[in-house]
Amino acid sequence: MHPRIEEVLSYLDTERTALRDAVELVTPELRDQSPGANRWSIAQVLQHLVMIEKRIGGGMTKWIADARAGGTGPETETSSVVNSLPLQLIADRSKPRSAPEEFQPPGDADAASAWASLEQSRETLRAAILSGDGLALGQVKQPHPVLGPINLYQWALFVGSHEARHAGQIREIAAELNADSGKAARAN
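Scoring rules and cut-offs
- Residues take numbers from 1 onward in each chain, read along the sequence in its written order.
- Confidence filtering applies because this is a predicted model: local features only for residues at pLDDT of at least 70, side-chain atom pairs given and counted only at 80 or more, and all residues used for totals across whole chains, interfaces and linings.
- Calculated side-chain values reflect all of the structure's heavy atoms, with hydrogen atoms and water omitted.
- Buriedness of a pocket was judged along seven lines, with at least five required to meet protein on both sides within 12 Å; pockets are open sets of points on a 1 Å grid over the protein atoms alone, cavities are sets where a 1.4 Å probe fits but cannot get out, and lining residues have an atom within 4 Å of a point.
- Grid points are joined across faces, edges and corners, and a volume is the space filled by probe spheres set on the points.
- The secondary structure listing takes helices from DSSP runs of H or I that are at least 4 residues long and strands from runs of E that are at least 2 residues long, numbered from the N terminus.
- Residue classes follow a fixed rule: Ala, Val, Leu, Ile, Met, Phe, Trp, Tyr, Cys and Pro count as nonpolar, while Asp, Glu, Lys and Arg count as charged, and any other residue, Gly among them, counts as polar.
- Each pair of strands is called paired provided DSSP finds at least two bridges between the two strands.
- Each residue is assigned to one of three classes by its accessible area relative to the maximum for its type, calculated with a 1.4 Å probe on protein chains only: buried under 20%, partly exposed between the two thresholds, exposed over 50%.

### Quick word on the layout of surface pockets
Phase 1 of the analysis: In this structure, the largest pocket encloses a volume near 910 Å³.
Phase 2 of the analysis: Of all the secondary structure elements, the ones that give two or more residues to the lining of the largest pocket are α2 (42-69), α3 (87-91) and α5 (152-187).
Phase 3 of the analysis: Broken down by class, the residue content of the lining of the largest pocket amounts to 15 nonpolar, eight polar and four charged.

Here is the structure:
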């Protein structure tokens with residue numbers, strides 16, 4: 001496996017572990033509960049991540065197939081790609097962002113199903129990335145609605161940093177739900 005592919009997959013695995021750890025902060029019975037009006041539940045956050053990852057996984061599959069068919073050459077670079085995108089800026093929760101309507105999760109999402117779907121979407125994304133192993137994916141660019149044209153390594157890194165952003169959101173939700181749950185227990 002090319003070092004750049006290995007680096008990207010490792011980054012995705014690290015961020016997925018952090019997401020899982022964030023979800024585990026809340027008991028399963030609270031994961032479908034919204035922490036307040038007009039706020040996403042953990043289940044909805046997970047469903048949003050599924051929607052994004054499915055779209056990007058499908059795009060990667062197509063973009064890599066098109067690159068291969070178009071004669072994209074072999075990858076000759078071995079330098080790190082992790083710092084080629086402002087990952088911390090993407091993950092930063094100090095600036096609120098609203099998801100486009102097409103990526104708004106349904107209100108009836110359940111965390112267990114959303115997590116299972118997220119695992120499936122990750123397998124699709126991994127398969128897409130691995131299908132490009134050996135190709136110069138740094139030369140293949142596609143437009144991102146906020147970041148502009150980014151290469152396929154960066155698209156994969158975006159998935160991880162977007163997941164990191166929402167792991168932070170889940171930790172915030174967990175703190176609120178766990179505090180509310182503790183108050184309710186003390187009131188009884």
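The structure having been displayed, the exposition proceeds.
### Regarding the pairing of strand β2 (residues 148-151)
Phase 1 of the analysis: Of the pairings in the sheet, the one linking strand β1 (residues 141-144) to β2 comprises four bridges and is antiparallel in character. Residue histidine 144 lies in a different strand from β2, and its bridge partner there is glycine 148.
Phase 2 of the analysis: A loop of three residues connects β1 with β2, the two strands running antiparallel in sequence.

### Some points on the environment of threonine 61
Phase 1 of the analysis: Note on placement: threonine 61 falls in helix α2.
Phase 2 of the analysis: Judged by relative accessible area, which is 41%, threonine 61 ranks as partly exposed.
Phase 3 of the analysis: Separated by 98 residues in the primary sequence, threonine 61 and valine 159 place their C-alpha atoms 14 Å from one another.

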